[in-house]
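Listed here are the chains, written in short residue letters.
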Amino acid sequence: MSALTHEEWSKEWRDFITPDPGGHKIDVPPPVNGKSHSGANSDSAKTPAESIENEGSVTVTAHDVFQEPPTDSLPTPVPEITRSIAQAAGCHPAMVLTMLLPALGSAVGSRRTIEVTPAWNEHSMIFALALGESGSGKTPAHNAIIAPFAEVERGWIEQAKNEEPRELLLNDATMESVIDVMQANPGGLLMHRDEGKVWISGFDRYRKGGKTDMQNWCSVWSAQPFKVHRRTSDPIRVQRANVSISMGIQPDLLARVLDDDAFDGGLLPRILMAWPPERRTSMRQKRAAGRARSETLLTLVRALLSIPHDDNPTPMTPDAVDIFDKWCDAADDRARECDDKRRRGLIQKSTNYVPRVALLFHCIGIANVEIQDDAPVDATAILQAIEIVEWFERETWRCWRLLTTASTETESSREIRRLIELIQSEGGSITPRQLQRRRHKYRARVELAESALQSLVDLGLGEWVHRTPTSNGGAPSHAFHLSPGPTDGDSDRTQRGESESGELAPSPLEEGEA
């Protein structure tokens, strides 16, 4: 694709503007003295703002733009592991986090459950897919996460001698194989693949009894018992399924199964997804991150596997119960008010994921010897879980939107979205010269980079900030600063679902979308 002129950028921004009530509302000022805000005469070139028929208040959707995950608020040492693997693999930390959480959940396995109500217990099982094109760093990140589990497995094999060794890892996607291995390893398993094409392709494969693999995986996610009759052997019985899923996949492969049947089958709302922008890492950074990454994750995995099994569900503290109940009631209200049945299912499943993730964080605290083994799940774990699950809910919805509208999104509109994500990865600010260095298409002329950024300014998505020379000298310059998105400026209190008065506030996930 050739570089876009300012007029072409302006035209394509009209495809990016929709009357979506859940979008980012912007007041666009009219041109001054017949000139655009960039100073160009309106007769020769119109700005995006001037191209809008009804000047004034317009709505620009922000749901297609990636938002950074709250990695730093997660329990130690998850942020350190996430950053170091991302640096060593040359990928975005969100890609690592998406594949890391299910892996850690599998290490807890069936050792602990959390009591949500007297009739409702949850475990730490997580299904997650990290989306990325070929070369985005999925495979190195996946390999770094799986390596400590494989090392533990090797130790079990050496200790087993003539007995059948325990297993942690599973990469055979057929349900028959999964059930066999679950029966022999009730403590928990991790289904992993750096490329989940084989697993996805089995969604519509019918099995005996009329069930598809998709329906069987729904039962696994819900920790249902399994019983399989075989003609040549005794029945296979699994008292309680416990398999977490951590995979990478290319977006176009996943898009092929995102039809009505896939959504109606019920499995997709159970899968956390993330599709972060690509990140570059120098070879020097990759080498520096390698050794510490492996040792820290291996230590955590071994500590989680050493937590004693407890058949009694772990209760929550009264404060944790109060926070979760209010948040859960608000989520139920949002689900009932949401007109989109796909989004409604995603919201409903988040109420299962909050206690699951809270249990995982609680067990990480036990592994770190920060929490007593018999302590209840506290409010901190619940708040941390709410924050990361809300992020995954937003990000999974964004993935669905992008994948299901991929056929209608123009190449230049996609480039606009990626430009915003690039600026976010730079901390929300970028100069035309920096854009030249980061995107090959702008290297020939700085004017093209400046024109692209000016298009964002014209729509009110950011502003130019002039930089004066420092005491060390240098020429003055100007940088584009991206405006906060609809969820960027929320306070910590609002992020965890509370208003300033202490009452539960509507979540930024669904507020204004129903």
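Scroll up a little and you will see the structure.
Rules behind the numbers
- Residues numbered from 1 in each chain as written.
- Predicted model: local features only at pLDDT ≥ 70, side-chain atom pairs only at ≥ 80, totals over all residues.
- Heavy atoms only, no water.
- 1 Å grid on protein atoms, 1.4 Å probe; cavity = no way out; pocket = protein on both sides within 12 Å on 5 of 7 lines; lining within 4 Å.
- Points joined across faces, edges and corners; volume = space filled by probe spheres on them.
- Helix = DSSP H or I, 4+ residues; strand = E, 2+ residues; numbered from the N terminus.
- Buried < 20%, exposed > 50% of the residue type's maximum accessible area, 1.4 Å probe, protein only.
- Pairing = 2+ DSSP bridges.
- Contact = heavy atoms within 4.5 Å.
- Axes fitted to C-alpha atoms, helices over the stretch in contact; angles between N-to-C directions.

Enquirer: Honestly, empty space enclosed by the protein in this entry has me stumped. Any pointers?
Expert: Empty space among the atoms becomes visible once a probe the size of a water molecule is rolled across them. Taken as a whole, this structure holds 2 cavities of 30 Å³ or more when the rule is applied. Within this model, the second largest cavity holds a volume of roughly 40 Å³. Around the second largest cavity, the lining residues are P269, L272, L346, K349, S350, Y353, V389 and E393. Among the elements of the structure, α13 (341-367) and α14 (379-404) are those that each provide at least two residues to the lining of the second largest cavity.

Enquirer: Just checking my understanding: could you explain the pairing of strand β7 (residues 189-193) for this structure?
Expert: For a regular strand, side chains alternate in direction, first toward one face of the sheet and then toward the other. With 4 of its 5 residues buried, β7 lies for the most part within the structure. Both strand β6 (residues 169-170) and β7 contribute to a ladder of 2 bridges, which runs parallel. Bridge pairing links L169 to L190 in β7. Examined bridge by bridge, β7 and strand β10 (residues 243-249) share 5 bridges and lie parallel to one another. From the neighbouring strand, M191 faces β10, where its bridge partner is I245.

Enquirer: Help me understand the environment of L254, please; the structure alone is not making it clear to me.
Expert: Here L254 lies in helix α9 (residues 251-255). Judged by relative accessible area, which is 0%, L254 ranks as buried. Once you skip the residues sitting within four places of it in the chain, L254 turns out to touch L129, L131, I200, I249, M273 and L403.

Enquirer: Whenever I open this one, the sheet that holds strand β13 (residues 462-467) confuses me. Can you help?
Expert: The pairing of strands in a sheet happens through backbone hydrogen bonds and is either parallel or antiparallel. Taken together, the 3 strands give an open sheet; going across it, the order is β12-β14-β13, and neighbouring strands pair in antiparallel fashion. Edge strands, defined here as strands with exactly one partner in the open sheet, are β12 (429-430) and β13. Relative to strand β14 (residues 477-482), β12 is paired through 2 bridges, and the arrangement is antiparallel. Each residue of the ladder has a partner; that of I430, found in β14, is F480. Running over the sheet, helix α17 (residues 446-458) touches β12, β13 and β14 and is turned about 125 degrees from β13.

Without other data, these values stay purely geometric and don't point to any function.
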